[in-house]
Amino acid sequence: MRRIIISTIGTSLLTNQIKRGDQAEQDWYNQLRDTANFTLENTPKNVISIIETLKNRAIQKLEQSSIPQIRLASAELNGIYGLYNNQLQEGIQDINWLISTDTAQGKATAEIVKEFLRQQGLVNSSIYTPSGLSTASTTAFAEGIDDLLVWLRKEIIPLKDSYRICFNLVGSFKSLQGYLNTIGMFYAHEIIYIFEGKESNLITIPRLPIKVDESLIEPYTVQLALMAEGAGLSLSEVTEIPEALIGEFNGKKVLSTWGDLIWDESKDNLLSGNLLEFPRLHYTDTFRADYNRITDSTKKVQLQQDLAKVSGLLKESDGDTSVLFQAVDYTRYKNSNQIDHFRVNRSLRISCKVIEGGILSLRYYGTHDHVQRSEGL
């Protein structure tokens, strides 16, 4: 089975090229250390020059070295060579993604590894840099991990039935390794490390049968669904939710990195059951009947996600439906008694009406024809 290999990228391939005995380069390591979290735009020109010099040395070293020397020079390549038993040609049909930090040094190192792999025939090698990912601060790191999770769910997880997903965590910073090790237990088929030492033996950790205990979060499904759709909640609304699932943004409570992961693993079960009672939404008997006729659990999940989105927007706007116009294509039926509607997708929609207190009363759900016919339009 073909593989998708996700390799975390550190900077040791650069720093290992410093000539420690050279008087002119004695302070290079300290300069790189002190600017390790700088973006390219913020990195001083003299450090950019150092990075370029070391990058050229690293490229030359990889091109002129034997496999054992290459593996010693690059932790990332050490893991990839170990995965293929030193036969990189075995991976020609595989996809390699290199995860770099959003820093000048991280991107430079990733470029070296990418170009080397392509020269060896692994042409499906690319770099993904989560926006802002660095260890400059807890906030920057968490936001970068959030970006990475979104990318994994969108680009990698849909391919898990066609490819074997492997996390190569030999390189990179320990903080990133720690997060990716846990994330890999949910998303990867296997995680690989390398024993340190002359032999560089491969350590393979298969995916463990981890399952989220949904009973612990089921009582908070409404709050979790709202936050997953972008709503920020108050402290009083999330007090009972496990602390690890909650983060903070602009003074509001939102899902943390782990909250996103746990919700992603649980939402299909939690949203495919009974109709949830979301703030500022009222369900008529006819709407409940339409919901109960849904036999496809995927459609139930999609509908409840849209209800959470609408609810969150109305909650933040204090019932002002103008916030829904673009978000869900909210419009009014012509020649109706103030009956509005919004789309779930291209073919499904919900009719509704604003009632007292800025509450949106949902009336019918289904196809365009079903909703219009039920409304007598």
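Anyway, here's the lowdown on the structure attached to this text. In this text the structure is predicted, and so the values were computed from the model without any measurement. (Residues numbered from 1 in each chain as written. Predicted model: local features only at pLDDT ≥ 70, side-chain atom pairs only at ≥ 80, totals over all residues. Heavy atoms only, no water.)

## With respect to the environment of tyrosine 330
Note the following rule: Only DSSP runs of H or I with at least four residues qualify as helices, and only runs of E with at least two residues qualify as strands; both kinds are numbered from the N terminus onward. Whether two residues are in contact is decided by their heavy atoms: any pair within 4.5 Å suffices.
Along the chain, tyrosine 330 falls in the loop between helix H14 (324-327) and strand E10 (331-332). With 129 residues separating them along the chain, tyrosine 330 and asparagine 201 place their C-alpha atoms 59 Å apart. Setting aside its immediate chain neighbours within four residues, tyrosine 330 contacts Thr321, Leu324, Phe325, Asp340, His341, Phe342, Cys352, Val354 and Leu360.

## Topic: the packing of aromatic side chains
The condition is simple: Only rings of Phe, Tyr and Trp enter the pairing, Trp through its six-membered ring, and a pair is recorded when the two centres are within 6.5 Å. The plane angle decides the type: under 30 degrees is stacked, over 60 is edge-to-face, the rest tilted. Relative accessible area decides the class of each residue, using a 1.4 Å probe on protein chains only: under 20% of the type maximum gives buried, over 50% gives exposed, and in between gives partly exposed.
All chains considered together, the criterion is met by 7 aromatic pairs. Ring geometry for tyrosine 283 and phenylalanine 287: centres 5.5 Å apart, planes at 20°, overall stacked. Across this residue pair, the class does not change: tyrosine 283 and phenylalanine 287 are buried. On the basis of an interplanar angle of 20° and a centroid distance of 6.5 Å, the ring pair of tyrosine 330 and phenylalanine 342 is categorised as stacked. Taken together, the positions of tyrosine 330 in the loop between H14 and E10 and phenylalanine 342 in strand E11 (residues 340-343) put the pair 12 residues apart, joining distant regions of the chain. Side by side, tyrosine 330 and phenylalanine 342 carry an identical accessibility label, which is buried. Connected via pairs of aromatic rings, a cluster forms that spans Trp97, Tyr128 and Trp151.

## Thoughts on the environment of serine 7
Relative to the helices and strands, serine 7 resides in strand E1 (residues 3-8). On the basis of relative accessibility, which here comes to 0%, the residue serine 7 falls in the buried class. With 71 residues separating them along the chain, serine 7 and asparagine 78 place their C-alpha atoms 11 Å apart.

## Regarding the pattern of salt bridges
Operational definition: We count a salt bridge whenever a side-chain nitrogen from Lys or Arg sits within 4 Å of a carboxyl oxygen from Asp or Glu.
According to the stated counting rule, one finds 17 salt bridges in the structure shown. Put simply, arginine 3 and glutamate 190 hold a salt bridge, and the shortest N to O gap is 3.6 Å. Of this pair, arginine 3 sits in strand E1 while glutamate 190 is found in strand E5 (residues 190-194), placing the two residues 187 residues apart along the sequence. Of the charged contacts, one joins arginine 33 and aspartate 34 as a salt bridge, the two residues approaching to 3.1 Å between their closest N and O atoms. The network of salt bridges with common partners includes Arg3, Arg164 and Glu190.

## Let's talk about helix H5 (residues 75-83)
H5 sits mainly inside the fold: 8 of its 9 residues count as buried. Among the residues of H5, Glu76, Leu77, Asn78, Gly79, Ile80, Tyr81, Gly82 and Leu83 are the ones counted as buried. Positive backbone phi, at 50°, marks asparagine 85, one or two positions downstream of H5.

## Considering the nonpolar core
For the record, the criterion: What is meant by a nonpolar core is a set of buried Ala, Val, Leu, Ile, Met, Phe, Trp, Tyr and Cys residues, joined one to another through side-chain atoms within 4.5 Å.
Counting 70 residues, the largest nonpolar core has Phe167, Phe278, Leu307, Leu360 and Leu362 as its most contacted members. It is helix H7 (residues 138-156) that provides the largest number of residues to this core, a total of 7 residues. Every residue in contact with leucine 307, bar those within four places of it in the chain, is listed here: Leu275, Phe278, Leu281, Tyr283, Phe287, Ile350 and Leu362. Counting residues in each nonpolar core, the second largest holds 32 residues, with Ala58, Ala73, Val113 and Cys166 among its members.

## Examining helix H3 (residues 45-64)
The α-helix winds at 3.6 residues per turn, so residues separated by three or four positions along the chain end up facing the same way. The cut-off we apply is this: For a helix, the expected span equals 1.5 Å multiplied by the number of residues minus one. Working definition: the arc comes from the directions between the helix axis and the C-beta atoms, pointing outward to the latter.
The end-to-end C-alpha distance of H3 is 29 Å, a good match for the 28 Å that 20 residues give at a rise of 1.5 Å each. If you check which residues of H3 are buried, you get Val47, Ile50, Ile51, Leu54, Lys55, Ala58 and Leu62. Seen end-on, H3 carries its buried residues on one side only, within an arc spanning 135°. For H3, the exposed residues lying more than 90 degrees away from the buried face are Lys45, Glu63 and Gln64. Of the surrounding elements, those touching the buried residues of H3 are helix H1 (12-15), helix H2 (28-34), helix H4 (67-73), H5 and helix H6 (104-119).

## Comments concerning the side chain of serine 134
Convention followed: Counting of polar contacts relies on pairs of N or O atoms within 3.5 Å, with two restrictions inside protein: one atom must be capable of donating a hydrogen and the other of accepting it, and residues adjacent in sequence are counted only when both atoms are side-chain atoms.
Turning to its location among the elements, serine 134 is positioned in the loop between strand E3 (125-128) and H7. Engagement of the side chain of serine 134 in a polar contact is seen with the backbone nitrogen of alanine 136, the distance being 3.2 Å. If we ignore the near neighbours within four places in the chain, the residues touching serine 134 are Asn37, Thr103, Ala140 and Phe141.

## Let's talk about the side chain of serine 65
Along the chain, the position of serine 65 falls in the loop between H3 and H4. Within the local environment of serine 65, its side chain forms a polar contact with the backbone oxygen of lysine 61, the two atoms lying 2.5 Å apart.

## Re the sheet that holds E3
Inclusion rule: Pairing between strands is defined by DSSP: at least two bridges between the two strands are required. Only the stretch in contact is used when fitting a helix axis, every axis being a line fitted to C-alpha atoms; angles between N-to-C directions are given from 0 to 180 degrees.
One open sheet accounts for 6 strands, arranged E3-E2-E1-E4-E5-E6; its pairing is mixed. The open sheet is flanked by E3 and strand E6 (202-206), the only strands paired with a single partner. Averaged over all neighbouring strand pairs, the angle between strand axes comes to 25°, with direction disregarded. Contacting E1, strand E2 (95-99), strand E4 (164-168), E5 and E6, H5 runs over the sheet at an angle of about 115° to E5.

## Brief notes about the sheet that holds E10
Strand order across the open sheet formed by 5 strands is E9-E13-E12-E11-E10, with mixed pairing between neighbours. One side of each edge strand has no neighbouring strand; the edge strands of this open sheet are strand E9 (281-283) and E10. Judged from the 3 bridges that link them, E9 and strand E13 (residues 359-367) form a sheet pairing that is parallel. Paired with histidine 282 across the bridge in E13 is serine 361. Contacting strand E12 (348-355) and E13, helix H15 (residues 368-375) runs over the sheet at an angle of about 125° to E13.

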